[in-house]
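Below are the chains, spelled out letter by letter.
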Amino acid sequence: MNEPSRAIFRTTDGLDLAADMHGRPTRGSVLVAHGGGQTRHAWAKTAAALADRGWEVVTLDLRGHGESGWSPTGDYGIRRFSEDLAEVARAMGGRPALIGASLGGLAGLYAEAEIAPGGFSSITLVDIVPNMDPDGAAKVMEFMNAHVAQGFGNLEEAADVIAAYLPHRPRPADHSGLAKNLQQGDDGRFRWHWDPGVVSGMQSCRSLRDADAFQARLTGLTLPVHLIRGRLSELVSREAAETFVAQLPNGKFTDVAGASHMVAGDRNDAFLSAAVGFLERLDRQTRAYDG
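These numbers come from a predicted model, not from an experiment.

Analysis parameters
Residues numbered from 1 in each chain as written. Predicted model: local features only at pLDDT ≥ 70, side-chain atom pairs only at ≥ 80, totals over all residues. Heavy atoms only, no water. Salt bridge = Lys/Arg side-chain N within 4 Å of Asp/Glu carboxyl O. Helix = DSSP H or I, 4+ residues; strand = E, 2+ residues; numbered from the N terminus. Buried < 20%, exposed > 50% of the residue type's maximum accessible area, 1.4 Å probe, protein only. Axes fitted to C-alpha atoms, helices over the stretch in contact; angles between N-to-C directions. Parallel < 35°, antiparallel > 145°, perpendicular 65-115°, else oblique. Contact = heavy atoms within 4.5 Å. Nonpolar A, V, L, I, M, F, W, Y, C, P; charged D, E, K, R; others polar. Polar contact = N/O pair within 3.5 Å; in protein donor to acceptor, adjacent residues only side chain to side chain. Pairing = 2+ DSSP bridges. Core = buried A, V, L, I, M, F, W, Y, C linked by side-chain atoms within 4.5 Å. 1 Å grid on protein atoms, 1.4 Å probe; cavity = no way out; pocket = protein on both sides within 12 Å on 5 of 7 lines; lining within 4 Å. Points joined across faces, edges and corners; volume = space filled by probe spheres on them.

Trainee: Just to check I follow, could you spell out the pattern of salt bridges for this structure?
Mentor: As a working rule, side chains carrying opposite charge can pair if their charged atoms are close by. With the rule as written, the count across this model stands at 24 salt bridges. Arg79 is the salt-bridge partner of Glu83, the closest N and O atoms lying 3.3 Å from each other. One end of the pair is Glu83 and the other is Arg79, both in helix α2 (residues 78–92) and 4 residues apart, which spans about a single turn. The partly exposed category is assigned to Glu83, whose relative accessible area is 22%. Close ionic contact of Glu83 with Arg80 constitutes a salt bridge, the shortest N to O distance being 3.4 Å. Here Arg80 and Glu83 lie together in helix α2, a separation of 3 residues that amounts to about one turn. Given the relative accessible area of 7%, Arg80 is considered buried.

Here is the structure:
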């Protein structure tokens, strides 16, 4: 497997978004957008699997996350994240498929419905729907807010907090993956690798569940949309998932057993099987049509 190359995408409001580029576009391109509080490194296995199968994959650090720029005005509303994804998709050329987890998925859905219709060839949503559970969303926000100011004395402390939040997940012995989501400050303490202002901006995402105009536009989305839900999800109920997919002209639903909101982290094998299988089926259909 070849190492990814580094890329920078400049937004219209002047921020640099960091990305890794994997593979070559033999079968097309895929843009991967992480959830709130994550970085592009969370999707390295997904990117490698797709690159090995012939896709060019761009894993992106959303604004305010990882190595991407922080908004000087604190603009972290859903519309701004959506505009960023639409701009990156245009810069990639063609119509990339989108894989978006949580915040990244909601922003991609909003981009396709409101900002730049036709920008994506398909959308894979990872445990997110507009009508998310408010209590589950509050739990996610509470986790993200915890330890923002004081941080952690070492990686083991951070691992303790994550283990308490995700008790169903086996605790890894190696903290190298966790280290990519933290940065060490001048005081020697480790803090999450994202702008604390992201949390208040993300609150606006929750209001989409009451946006009738946005919900109405979803029925006009003709592109393939695949919702991959964690069966233990605290954010997306089974009823909300089925209702969402039923209103889409070209929707598909996969429920992953043994996974919570962090589907890929909990059951990466099942997630990859669902995500890759979906894109491969679309690729075969496109080739048959073109032939």
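Trainee: Help me understand the packing of α2 against helix α3 (residues 103–115), please; the structure alone is not making it clear to me.
Mentor: One way to put it is that α2 packs onto α3 with a least axis distance of 8 Å and a crossing angle of 80°. One finds that α2 runs roughly perpendicular with respect to α3. Residues Ile78, Arg79, Phe81, Ser82, Glu83, Leu85 and Ala86 of α2 form the contact with α3, whose own contacting residues are Leu103, Gly104, Leu106, Ala107, Gly108, Tyr110, Ala111 and Ile115. Of the residues belonging to the contact of α2 with α3, the class tally is 10 nonpolar, 3 polar and 2 charged.

Trainee: How should I be thinking about the side chain of Ser29 in this particular structure?
Mentor: You can see Ser29 is positioned in strand β3 (residues 29–33). Within the structure, Ser29 has its side chain in polar contact with the side chain of Glu56 (distance 2.8 Å). The residues contacting Ser29, other than those within four sequence positions of it, are Trp55, Glu56, Met92, Pro96 and Ala97.

Trainee: Would you take a moment to explain the sheet that holds strand β4 (residues 56–60) for this structure?
Mentor: Note on sheets: strands pair through backbone hydrogen bonds, and any given pair is parallel or antiparallel. The strand order across the open sheet built from 8 strands is β1-β2-β4-β3-β5-β6-β9-β10, with neighbouring strands paired in mixed fashion. This sheet does not close on itself; its edge strands, each paired only once, are β1 (5–10) and β10 (251–256). Going from strand to strand, the sheet's axes swing by 20° on average, the running direction of each strand aside. Pairing of strand β6 (residues 123–126) with strand β9 (residues 225–230) involves 4 bridges; the strand directions are parallel. The partner of Leu125 across the bridge, within β9, is Leu227.

Trainee: What am I meant to see in the nonpolar core here?
Mentor: For soluble globular proteins, nonpolar side chains are generally found buried alongside one another. Counting residues in hydrophobic clusters, the biggest one holds 61 residues, and the most contacted among them are Phe9, Leu31, Leu60, Phe120 and Phe244. Looking at this core element by element, the count peaks at 7 residues for α3. Once residues lying within four places of it in the same chain are set aside, the contact partners of Phe9 are Leu15, Asp16, Leu17, Ala19, Val58, Leu60, Val88, Ala91 and Met92. Trp43, Val276, Phe278 and Leu282 belong to the second-largest nonpolar core, a separate cluster that totals 26 residues.

Trainee: Explanation requested: the pairing of strand β2 (residues 16–22) in the structure shown.
Mentor: The buried count for β2 comes to 5 of 7 residues, which makes it a mostly enclosed element. Linking β1 to β2, which pair antiparallel, is a turn of 5 residues; within it Gly14 sits at a positive phi near 90°.

Trainee: So what exactly am I meant to see when it comes to the environment of Pro134 here?
Mentor: Along the chain, Pro134 falls in helix α4 (residues 134–145). Distance from Pro134 to Ala241, taken between C-alpha atoms, is 14 Å for residues 107 residues apart in sequence.

Trainee: Please clarify how the layout of surface pockets should be interpreted in this entry.
Mentor: A water-sized probe rolled over the atoms picks out the places where empty space is left. Considering only enclosed or pocket space, the largest pocket measures out at about 1,300 Å³ in volume. Looking at the largest pocket, it is lined by 40 residues, and the ones nearest its centre are Ala42, Arg169, Asn181, Met262 and Gly265. Per element, the largest residue contribution to the lining of the largest pocket is 4 residues, and it comes from helix α5 (residues 155–165). The computed volume of the second largest pocket comes to approximately 290 Å³. As for the second largest pocket, its lining consists of 16 residues, and the residues nearest its centre are Arg27, Ser121, Leu282, Asp283 and Thr286. If you tally residues by element for the lining of the second largest pocket, the top one is helix α11 (residues 268–290), at 7 residues. When its residues are assigned to classes, the lining of the second largest pocket shows 5 nonpolar, 6 polar and 5 charged.

Trainee: What should I look at first to understand the packing of α4 against α5 in this one?
Mentor: In a pair of packed helices, the angle between the axes and the distance between the axes together describe the arrangement. Viewed as axis vectors pointing N to C, α4 and α5 meet at an angle of 170°, and their least axial separation amounts to 12 Å. As judged from the angle between their axes, α4 and α5 are roughly antiparallel. In this structure, α4 uses Lys139, Val140 and Phe143 to contact α5, whose residues at the interface are Val161, Ile162 and Tyr165. Across the contact of α4 with α5, the residue classes break down as 5 nonpolar, no polar and 1 charged.

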